[in-house]
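The primary structure of each chain is shown beneath.
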Amino acid sequence: MVDFILEAISTHMEDKKVIRYSQHGFTEGFHLSGTVTDPAMQSEPETVCNVAISFDRCKITSVTCSCGNKDIFYCAHVVALSLYRIRKPDEVKLHLPISETLFQMNRDQLQKFVQYLITVHHTEVLPTAQKLADEILSQNSEINQVHGAPDPTAGASIDDDNCWHLDEEQVQEQVKVFLSQGGYHGSGKQLNLLFAKVREMLKMRDSNGARMLTLITEQFMADPRLSLWTQQGTAMTDKYRQLWDELGALWMCIVLNPHCKLEQKVSWLTQLKKWNGVDVCPWEDGNHGNELPNLTNALPPGANANQDSSNRPHRTVFTRAIEACELHWQDSHLQHIISSDLYTNYCYHEHTENSLFDSRGWPLWHEHVPTACARVDALRSHGYPQEALRLAIAIVNTLRRQQQKQLEMFQAQKKELLQIGVTSITNLEGWVGHPLDPIGTLFSSLIEACRVDDESFHGFSDFTENMGQCKSLEYQHLPAHKFLEEGESYLTLAVEVALIGLGQQRIMPDGLYAQEKVCRNEEQLISKLQEVELDDTLVKIFRKQAVFLLEAGPYSGLGEVIHRESVPMHTFAKYLFTCLLPHDAELAYKSALRAMRLLVLESMAPLGDTSHPHHIVSVVPNRYPRWFTLSHIESQQCELASTMLTAAKGDVQRLETVLESIQKNIHSSSHIFKLAQDAFKIATLMDSLPDITLLKVSLELGLQVMRMTLSTLNWRRREMVRWLVTCATEIGVYALDSIVQNWFTLFTPTEATSIVATTVMSNSTIVRLHLDCHQQEKLASSARTLALQCAMKDPQNCALSALTLCEKDHISFETAYQIVLDAATTSMSYSQLFTIARYMEHRGYPMRAYKLATLAITHLNLSYNQDTHPAINDVLWACALSHSLGKNELAAVIPLVVKSVKCATVLSDILRRCTLTTPGMVGLHGRRNSGKLMSLDKAPLRQLLDATIGAYINTTHSRLTHISPRHYSEFIEFLSKARETFLMAHDGHIQFTQFIDNLKQIYKGKKKLMMLVRERFG
């Protein structure tokens, strides 16, 4: 509402009727005073505000209001008083300036006036009145040295600067508050609105625009976070970084004002240099030095190409604006371009590289492209849209001419370049992602001229009807007066220059922020292009540019041979592909396939040496490039490939071509896996029959993923293996059999047995493939062969799976068992052997289980303090198995146990279990053996008893070495268990007594502990 009111006020300013009034007020000279009443609200009483406004030459120069509201813009009371004066000028009492009124008074009237004034406001003005009186009465006072007296109602001198009132303090305070919020509470949006307000002021040619930007910049420079980030070596946030970019761009516009005074530019230059010299001033490319040439000079061939970037001065966000202060608008050719639609020279025949006109006589403008486009932005920003449009057209025509020249250069050296296969030709400075956004500026200038509601172009309606118009509701084909080919328009020109910029071959800049900006600006420009719907005219532009990009060699991002560190074209090519596909599929695929490459990930190759055309330099890399955005780039490459796969469904030849490109150019297994999954989903859509060709593509990509990740760690590996088996199953039994036959190139032995073979032999697979008996047996035979091969290669992890898979085939099962036996003595651990032994018992092979268990025990070593070892249950199970088989088996296993197990509690547990029943009570084939319990005085139990007693003695001494009082009670319980074992021997009581006596003697220093021993054991 306030903005609308101010706009209305501004209109009346131009009509010189800006004198404002409320219910009670008057105008005196150039000063308007009044009172404005705020009506009472539910929670607030009625308030009366005193408002005073000064004005000069149609501008409000100062405002005051007793409401106390602080804001950048005028408060509602100031606006109300202004509107009241505008709407009811006859109700406002007008007065001459106060000096004129005083001049008409005689001495008595003057004395009465002063005394009444003091009486009414004696508390406020009496001290000031007395001071002034004293100074006037003093002949030597400063006030008497000046002729006349000031009059605040008389207005300013004609030579004084006049600009509307801007509350500088409030501007600074609000910017400071927004910055302190650090991007929260929409502060970034508020700051962008302030920048937009500055641009609006510049467009209105308001002198306060530069003042307001100066105030904003001072607060940005005073932001305490700058010093903090510098000290910590951390980068500023991305959104904050973009605000600095806009700040630099605005200063560029201000210093390039075509009609600014020299003293203004000098003043700005001084201020910019001051900011530029501050240590914390942000660098242009995000805290990373760049290697770009001076703004005002075109890029010389090969200049400073190999100079070390670390030795170059860093460019700050103000550097370009400082350099732009050297630019001027006095060039006669430039003046003719921007001032006339009829500026031509059809007799111009000097067709050199820097010709002023092309072969058609149309004007060209040769200047460093970002600098030339900065001029366009400055013209637009300062309210010269037609001039900006004329210069934009000249620049675009120059770029198109340059394109043609570059194509001719490449054709002349094409054979040599293609033989070498590499090139050192590159653009150091890309136009997309450039701090000055040259392509975005040209596109915006031209596209704005195409808006349907643009009043400046309503006169071209007849032309529009003849041209046909874009289907977009927002833009129409509107012509320039001159300098366009037949059938071209501002819209076609805007689209073409965007395609030129996006397809420009340029080197990837250094630094994270600069690289992110390349990606972001590319996406922003494509997003703007997508707002324009294609018609036949625009399709021709797309075709024309696509053909050029494919044929222009190193000068194009899609050329046959490009620099290794060129910015990839994946995002642009995806857009180009979708636009061209309905109209020219061959060209669409050719462009997209060319863009698939990612040279920076391929092996380093020696760079060839070629001639250096204008604006192109030779860069020989001496390090692997630090591409911080590589993951994003690879994602875009993957998206491009997926788009082509989707479009190629049903076309065998194109699918094969796309598959070859993916296999050649994509180096990320994760992205190839994603493409395989995408192809599978597209091929098996529910509303149609499966596309077998696309399924095969999916399988091929899956196989490549398997090979790429076979010897590397990948947390998604198991998911990939399962998916591949699913994909092969979808294709058919031959695909499934193929991956089984070639498992060693695709899977680890564990994956092959636990996932692949198991899935192949599952009932769900048989049902899914509708296999007959012959096919089932053939597939099962392949799976068993795989299992045996895996068991041979990795018996530790695959032996059990092999046995399980070979259960139904006797020969295979026996082979798997033999593999286990062969590996048991060398490469298998006790836990693996115990697991297989338990499996054998479960399958009804107790003797085989016994044999494997004894082998496992030989691999085991249980020390005295490992009474919670995970293998204890396996040892107890093995002894129980031996006991159940008979005395001979038990006699064979006990020496192994005694040798491997030193833990007293485990040995005593085994001893008790062996004395509870007769060995072999449940023998082979279910026979029940009758017999006496085994004697503890004879082998093998005597050996086990002695080993157990010995283990208790050794364990006791070991525990007493480092025992603490809090473990005394636990130790007494341990001795109690030991006594139970001692008493199992015929002379056990004597042995235990001797053992206790020895303890008392050896550890008599542990008096409290020995006292407890005596209390329990005597």
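Reading the values: the criteria
Residues numbered from 1 in each chain as written. Predicted model: local features only at pLDDT ≥ 70, side-chain atom pairs only at ≥ 80, totals over all residues. Heavy atoms only, no water. 1 Å grid on protein atoms, 1.4 Å probe; cavity = no way out; pocket = protein on both sides within 12 Å on 5 of 7 lines; lining within 4 Å. Points joined across faces, edges and corners; volume = space filled by probe spheres on them. Helix = DSSP H or I, 4+ residues; strand = E, 2+ residues; numbered from the N terminus. Salt bridge = Lys/Arg side-chain N within 4 Å of Asp/Glu carboxyl O. Buried < 20%, exposed > 50% of the residue type's maximum accessible area, 1.4 Å probe, protein only. Arc of directions from axis to C-beta. Pairing = 2+ DSSP bridges. Axes fitted to C-alpha atoms, helices over the stretch in contact; angles between N-to-C directions. Parallel < 35°, antiparallel > 145°, perpendicular 65-115°, else oblique. Left-handed = near helix turned anticlockwise from the far one by under 90°. Contact = heavy atoms within 4.5 Å. Nonpolar A, V, L, I, M, F, W, Y, C, P; charged D, E, K, R; others polar. Disulfide = S-S within 2.5 Å. Lys, Arg positive; Asp, Glu negative; His and termini not counted. Polar contact = N/O pair within 3.5 Å; in protein donor to acceptor, adjacent residues only side chain to side chain.

### Some words on empty space enclosed by the protein
Here the structure, examined in full by the defined rule, presents six cavities of 30 Å³ or more. Around the second largest cavity, the lining residues are M508, V518, C519, E522, E523, V567, P568, H570, T571, H632, I633 and Q636. Listing elements by their share of the lining of the second largest cavity, those giving two or more residues are α19 (512–530), α21 (570–580) and α23 (630–647). Looking at the lining of the second largest cavity, the element that brings in the most residues is α19, giving four residues.

### Looking at the pattern of salt bridges
One side chain can pair with another of opposite charge once the charged atoms of both are near each other. Within this structure, the stated rule accounts for 40 salt bridges. We note a salt bridge from K544 to E496, for which the minimum N-O separation is 2.7 Å. Taken together, the residues K544 in helix α20 (residues 536–551) and E496 in helix α18 (residues 490–502) connect sequence positions 48 residues apart. According to the relative accessible area criterion, K544 is partly exposed, its value standing at 41%.

### Notes on helix α42 (residues 1007–1017)
Looking at α42, one finds that the buried residues are L1009, M1010, V1013 and F1017. Along the axis of α42, the buried positions cluster into a sector of 95°, meaning they face one direction only. Away from its buried face, by an angle of more than 90 degrees, α42 presents the exposed residues K1007, K1008 and E1015. Directly after α42, the chain includes G1018, whose backbone phi takes a positive value near 85°.

### Let's talk about the pairing of strand β3 (residues 47–56)
Taken across its ten residues, β3 has seven buried, putting it largely inside the fold. Where strand β2 (residues 31–38) and β3 come together, eight bridges link them in antiparallel fashion. Residue pairing for β3: D38 is matched across the bridge by T47.

### As for the packing of helix α22 (residues 585–595) against α23
Between α22 and α23, the least distance of the axes is 10 Å, while the angle of their chain directions is 150°. The orientation of α22 with respect to α23, classified from their angle, is roughly antiparallel. Where α22 crosses over α23, the two elements pack in a sense that is left-handed. Contact residues: Y589, A592, L593 and A595 in α22; L640, M644 and A647 in α23. Tallied by class, residues from the contact of α22 with α23 come to seven nonpolar, no polar and no charged.

### Quick word on the state of the cysteines
Within the structure shown, the criterion is met by zero disulfides. Lacking any disulfide linkage, C260 is separated from the closest cysteine sulfur, that of C325, by 8.3 Å. For C260, a relative accessible area of 16% puts it in the buried group. Residue classification places C325 among the buried residues on the basis of a relative accessible area of 11%.

### Observations regarding the side chain of R597
For R597, the location among the structural elements is in the loop between α22 and β7 (617–618). The buried charged residue R597 lacks any salt bridge, with E560 as its nearest oppositely charged partner at 8.1 Å. A polar contact is formed between the side chain of R597 and the backbone oxygen of G559, at a distance of 2.5 Å. The residues contacting R597, other than those within four sequence positions of it, are G557, L558, G559, E560, I562, H570, Q637 and N665.

Take it as geometry only, folks, not as evidence of what the structure does.
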